[in-house]
Amino acid sequence: MTVEGIREKLFELQDEKYRDFQQGLIPSVEQKEFIGIRTPALRKLAKELYKAGELDEFFNDLPHKYFDENQLHAFAISEIKDFDECMKALETFLPFVDNWATSDQMSPKVFKKNKEELFSHIKKWLQSDHTYTVRFGIGMLMQHFLDEDFDLSYPEMVAGIRSDEYYINMMIAWYFATALAKQYESILPFIEEKRLSPWTHNKAIQKSVESYRITDEQKTYLRRLKIKI
């Protein structure tokens, strides 16, 4: 299907009230770039177009004009079943990701079965100069390497990232809050030793205290570790 054909389908799904709501959530994207399509409808369309093999022209039409096209692209990549094909499409798309929602909602299913290969890419993404590539890399480390595949070297990598970018630091905080919930004893020293920047340190504690997966006793102790800024 042509890019224009896909765009017509997107506008058929437009919800103007939802568009107005989205604009307030994603300030890094200009208001004129929102069509206003709810996520379930976008995921459904992405799955249909992928199954029909109608995405080649769309995948190559970068950068996209609309936020919703970026979302569709992310959801379609997440459907690709071959790891190498998925990674090729992802690495082509990542430099054009310009917001937290597209970065965070892109989660290829094939990664679960190819973690060794995935990790080699994550290490590269964490070294990127592009905000949302770094954010995506941290997100993949959080999603796939905090359970049975956890290794202490992984939070070391995240703790070593220093950035002035809000969306990177917020993801670092999210990573450590999630890591505390899953690997509390291993992760706690990063907080006790103040290994993160002050703002990120406090935000990680805030997110942990808000989590139902952290015990009341742990929350009380974490609150004492906040840094006065």
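Here's a quick rundown of the structure. Here, residues in each chain are numbered from 1, in the same order as that chain's written sequence. Confidence filtering applies because this is a predicted model: local features only for residues at pLDDT of at least 70, side-chain atom pairs given and counted only at 80 or more, and all residues used for totals across whole chains, interfaces and linings. The basis for every side-chain value is the complete set of heavy atoms in the structure, and neither hydrogens nor water enter the calculation.

**Brief notes about the packing of helix H6 (residues 83-93) against helix H8 (residues 115-125)**
Rules: The axes used here are C-alpha line fits, helices contributing only the stretch in contact, and every angle between their N-to-C directions lies in the interval 0 to 180 degrees. By definition, any uninterrupted DSSP run of H or I lasting at least four residues is a helix, any uninterrupted run of E lasting at least two residues is a strand, and each is numbered from the N terminus. Working definition: roughly parallel below 35 degrees, roughly antiparallel above 145 degrees, roughly perpendicular at 65 to 115 degrees, and oblique for all remaining angles. Helix crossings get a hand from a simple test, with the near helix turned counterclockwise from the far one by less than a right angle marking a left-handed crossing and a clockwise turn marking a right-handed one. We call two residues in contact when some of their heavy atoms are within 4.5 Å.
Packing of H6 against H8 leaves a shortest axis separation of 12 Å and a crossing angle of 15 degrees. The pairing of H6 with H8 is recorded here as roughly parallel in orientation. When the axes of H6 and H8 are compared, the crossing they make is right-handed. Side by side, H6 and H8 meet where Phe83, Met87, Leu90 and Glu91 of the first sit next to Glu117, Leu118, His121, Lys124 and Trp125 of the second.

**Section: a negative patch on the surface**
Our working definition: Without a salt bridge and with relative accessible area above 30%, a residue can belong to a patch; like charges are then joined within 9 Å and nonpolar side chains (Val, Leu, Ile, Met, Phe, Trp, Tyr) within 5 Å. In this description, accessible areas are obtained by the Shrake-Rupley approach with a 1.4 Å probe, and a residue is regarded as covered only by the protein chains that are shown. Definition used for salt bridges: Asp or Glu carboxyl oxygen within 4 Å of a side-chain nitrogen of Lys or Arg. Charged residues are defined narrowly, with Lys and Arg counted positive, Asp and Glu counted negative, and His plus the chain ends left uncounted. Charge coordinates come from a single atom per side chain, which is NZ of Lys, CZ of Arg, CG of Asp or CD of Glu. Here the term buried applies to any residue with accessible area under 20% of the maximum for its type, exposed to any over 50%, and partly exposed to those in between, with areas from a 1.4 Å probe on protein chains only.
Negative charge collects at one region of the surface, where Asp56, Asp82, Asp84, Glu85, Glu116 and Glu117 lie side by side. Within the residue set of the negative patch, elements represented by two or more residues are H6 and H8. By secondary structure assignment, the location of Asp84 is in helix H6. Owing to a relative accessible area of 59%, Asp84 belongs among the exposed residues under this scheme.

**Quick word on H6**
Our working rule: An arc is given here, and it is the one of the directions from the helix axis to the C-beta atoms. Two N or O atoms count as a polar contact when they lie within 3.5 Å, although within protein this holds only if one can serve as hydrogen donor and the other as acceptor, and sequence-adjacent residues are included solely when both atoms are side-chain atoms.
Among the residues of H6, those classed as buried are Phe83, Cys86, Met87, Ala89, Leu90 and Phe93. The buried residues of H6 occupy an angular sector of 165 degrees when projected down its axis, which confines them to one face. For H6, the exposed residues set more than 90 degrees away from the buried face come down to Asp84 and Lys88. On its buried face, H6 sits against helix H5 (67-77), helix H7 (100-105), H8 and helix H9 (131-144). Two or three places before Asp84, at the start of H6, stands the capping residue Asp82, its side-chain oxygen 3.3 Å from that residue's backbone nitrogen.

**Some details on the nonpolar core**
Put simply, the rule reads: Here, nonpolar core refers to any group of buried Ala, Val, Leu, Ile, Met, Phe, Trp, Tyr and Cys residues whose side-chain atoms link them within 4.5 Å.
Counting residues in each nonpolar core, the largest one holds 70 residues, and the members touching the most others are Phe111, Trp125, Ile138, Tyr175 and Phe176. Tallying contributions element by element places helix H11 (residues 166-182) first for this core, with nine residues. Each residue touching Tyr175, except ones within four places of it in the same chain, is listed here: Ile138, Leu141, Met142, Leu146, Tyr154, Pro155 and Val158.

**A short note on the packing of aromatic side chains**
The description of an aromatic ring pair rests on the distance of the ring centres and on the angle between the ring planes. Convention followed: Pairing of aromatic rings covers Phe, Tyr and Trp, the last counted by its six-membered ring, and requires centre-to-centre distances within 6.5 Å; plane angles under 30 degrees mean stacked, over 60 mean edge-to-face, and any other angle means tilted.
Summed over all chains, the structure comprises 13 aromatic pairs. Aromatic pair Tyr175 and Phe176: ring centres 5.2 Å apart, planes at 80 degrees, arrangement edge-to-face. Each member of the pair, Tyr175 as well as Phe176, is classed as buried.

**A short note on the pattern of salt bridges**
The full count for this structure, using the stated rule, is 13 salt bridges. A salt bridge links Glu69 to Arg7, with the shortest nitrogen-to-oxygen separation between them at 2.6 Å. In this pair, Glu69 sits in helix H5 while Arg7 sits in helix H1 (residues 3-12), placing the two residues 62 residues apart along the sequence. Assessed through its relative accessible area of 14%, Arg7 is described here as buried. Between Glu193 and Arg195 there is a salt bridge, with its nearest N and O atoms 4.0 Å apart.

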